[in-house]
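Listed below are the residues making up each chain.
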Amino acid sequence: MGEIKFYDTLQAKVREFRPLDPPEVTLYTCGPTVYNYAHIGNFRTFAFEDLLRRFLEFKGLRVRHVMNITDVDDKTIAGAAREKKSLREYTAFYTQAFLEDMKTLGMLPPNVQPLATDSIPDILALVQKLIDREYAYVADDGSVYYRIAQFERYGRLSKKKLDGNVAGARVDVDEYEKEEGADFVLWKAAKEGEPSWDSPWGKGRPGWHIECSAMCMRHLGETVDIHAGGEDLIFPHHENEIAQSEAATGKPFVHYWLHAKHLLVNGEKMSKSQGNFFTLRDLLVKGYDPMAIRFALLSVHYRHSLNFTLEGLKESGEIVKKLDDCYWQCLSRISASEAPGKAVGKIAEKGTVTPDMERALEDDLNVAAFVANMLEHITDLNKALPGMGRADLIECVRFFKGLDALLGLDIAAIDVVPDGIRTVLGQYSDARKAKDFSRSDVLRKEIEKTGWLVKDGRPGEPSTVKKIRRVWDIKK
Ligand code: AMP
Ligand code: ZN
């Protein structure tokens, strides 16, 4: 196996990836805050994390992936209050929508997806530990704060010079951009009308940062291989996670920190607060194929900003179609030469891609090089197809299976042409050969009624079929 390298934000360099306990890899990714539909900026980060996981699995590693759901924080509480709903009812709706969107975009489901509100006992235990170790203190109102001056390495991830918080400033909100550090809140004393839980310090609710530390360590242990998120999480969220977790355990919290750069619209971060966002559903309603959206999100290296345009999305759709067409050419040709009902999938269980493509991803997920190699390979395949024998065609299917394993575009999900379709396709080709076009028209329509498309070959070439991609029925 070639060497895998990732850019680690903490050490600020590309490092060889060595799991703590191979072939296991522990991966924690910060999940959505479920106060609205996720936008495609959020999905850029989730798509990158999905590629990361798929690549590690492709390399034979066994990934244990935990992604939390932030269902109690400033934003969810404000949203529930605005809609006069209970926090549970409000967040359950957006959690469900998020899971549906993840599925639509072909993301692998995490092994565990804990809710912050189901993790209160772990959170309380962690806060208590920090108080016992004098990294945290209880304020007069019953809120608990993290004392950043106590943690020497504070600021190392974000490279901020935070000189010990001499002023003793405190910050109560979950998101802030203060240049100077401030003692941040671990547990917030209950406010009138807000959801709260009992604690040794009175009724209250957790701050956002402590939730991730508690859920990560509960489900993956005190030290994890990889922790990932969008670049906006570096400070304060991940900086605070390190401070909390390492102060509590005395051990390194994370071996590799990976962060995706933002998806931008006209040079600005796509965000709810700017109002410059598309949800996945907005795009599906406009008729875009989810796999085109997925490809658009994945096709720029995760450490480069991705400037999102509908024009770019159309180009992504064309690339997905190109892959799809090539795949169906291969499969139709195999079907034409084969006994009925034999699934190519059985012969081609393990997918593969070209060595160049694999090497590109080993190099810090260099997706630009990967895609360039992929497109070259497709051009070569299209040229070579007419002369290919069965063994070559099966190699070709294996290639698409490998591509799916990595990019998750579901190109080769169907790996057998049903006997019924093959029979009619045979009759169709015979009718065309006999120049009986009225009959071939009837047969073509018969095939198309079942959700398949017929594509005529060039002179002397067989006609091929292609399954039409699913049409999306969106409720919003
Ligand atoms: P949130 O739901 O706000 O907690 O964000 C979920 C994930 O989306 C986090 O990893 C964020 O860093 C990421 N994120 C938010 N906005 C963007 C954006 N415009 N581009 C890429 N990732 C983003
Ligand atoms: Zn988090």
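See the structure printed just above.
Peer 1: Explain the coordination of the zinc ion (ligand 2) to me, and be specific about the residues and the numbers.
Peer 2: Around the zinc ion (ligand 2), the donor atoms from the protein are C30 (SG), C212 (SG) and H237 (NE2), and they sit 2.0 to 2.2 Å away. The sequence pattern formed by the donor residues of the zinc ion (ligand 2) is C-x181-C-x24-H. Separated by 182 residues along the polypeptide, C30 in the loop between β3 (24–29) and α1 (40–58) and C212 in helix α5 (residues 208–220) bring together distant segments of the chain. As far as the burial class goes, C30 and C212 line up, both buried.

Peer 1: Please give an account of α1 that cites residues and values.
Peer 2: Over its 19 residues, α1 runs 26 Å from end to end, which matches the ideal 27 Å to within 8%, given 1.5 Å per residue. Where burial is concerned, most of α1 is hidden: 17 out of the 19 residues are buried. One or two steps after α1, the chain reaches G60, where phi turns positive at roughly 90 degrees.

Peer 1: So what's going on with the sheet that holds strand β12 (residues 263–265)? Residues and values would help.
Peer 2: As summarised here, the arrangement of the three strands in space is β13-β12-β14, forming an open sheet in which the pairing is mixed. The sheet is open, and its two borders are formed by β13 (268–269) and β14 (306–307), each paired with just one other strand.

Peer 1: Can you break down the sheet that holds β3 residue by residue, with the values?
Peer 2: Spatially, four strands are ordered β4-β3-β10-β11 in an open sheet, and the strand pairing comes out parallel. A single partner strand is all that each edge strand has here, and the edge strands are β4 (62–67) and β11 (254–260). Strand-to-strand twist in this sheet, taken as the mean axis angle between neighbours without regard to direction, amounts to 20 degrees. Strand direction decides the pairing type here: β3 and strand β10 (residues 224–230), joined by three bridges, are parallel. Each residue of the ladder has a partner; that of T29, found in β10, is A228.

Peer 1: For the site of ligand 1, give the residues involved together with the corresponding values.
Peer 2: The local shell around ligand 1 holds 16 residues, among which G41, T45, D232, L263 and M270 are the closest. Between ligand 1 and T45 there is a distance of 2.7 Å, counted from a nitrogen atom to a side-chain nitrogen or oxygen. In isolation ligand 1 has 500 Å² of accessible area, and contact with the protein removes 94% of it. Mapped onto the shell around ligand 1, the elements with two or more residues apiece are α1 and β10. By residue number, the principal contributor to the shell around ligand 1 is α1, which donates four residues. Considered class by class, the residues forming the shell around ligand 1 number five nonpolar, nine polar and two charged.

Conventions we followed
- Residues numbered from 1 in each chain as written.
- Chains lettered and ligands numbered in written order.
- Predicted model: local features only at pLDDT ≥ 70, side-chain atom pairs only at ≥ 80, totals over all residues.
- Heavy atoms only, no water.
- Donors = N, O, S within 2.8 Å, 3.2 Å for Na, K, Ca; no water.
- Helix = DSSP H or I, 4+ residues; strand = E, 2+ residues; numbered from the N terminus.
- Buried < 20%, exposed > 50% of the residue type's maximum accessible area, 1.4 Å probe, protein only.
- Expected span 1.5 Å × (residues − 1).
- Pairing = 2+ DSSP bridges.
- Axes fitted to C-alpha atoms, helices over the stretch in contact; angles between N-to-C directions.
- Near = heavy atom within 4 Å.
- Polar contact = N/O pair within 3.5 Å; in protein donor to acceptor, adjacent residues only side chain to side chain.
- Areas by Shrake-Rupley, 256 points an atom, 1.4 Å probe, with all protein chains shown as cover.
- Nonpolar A, V, L, I, M, F, W, Y, C, P; charged D, E, K, R; others polar.

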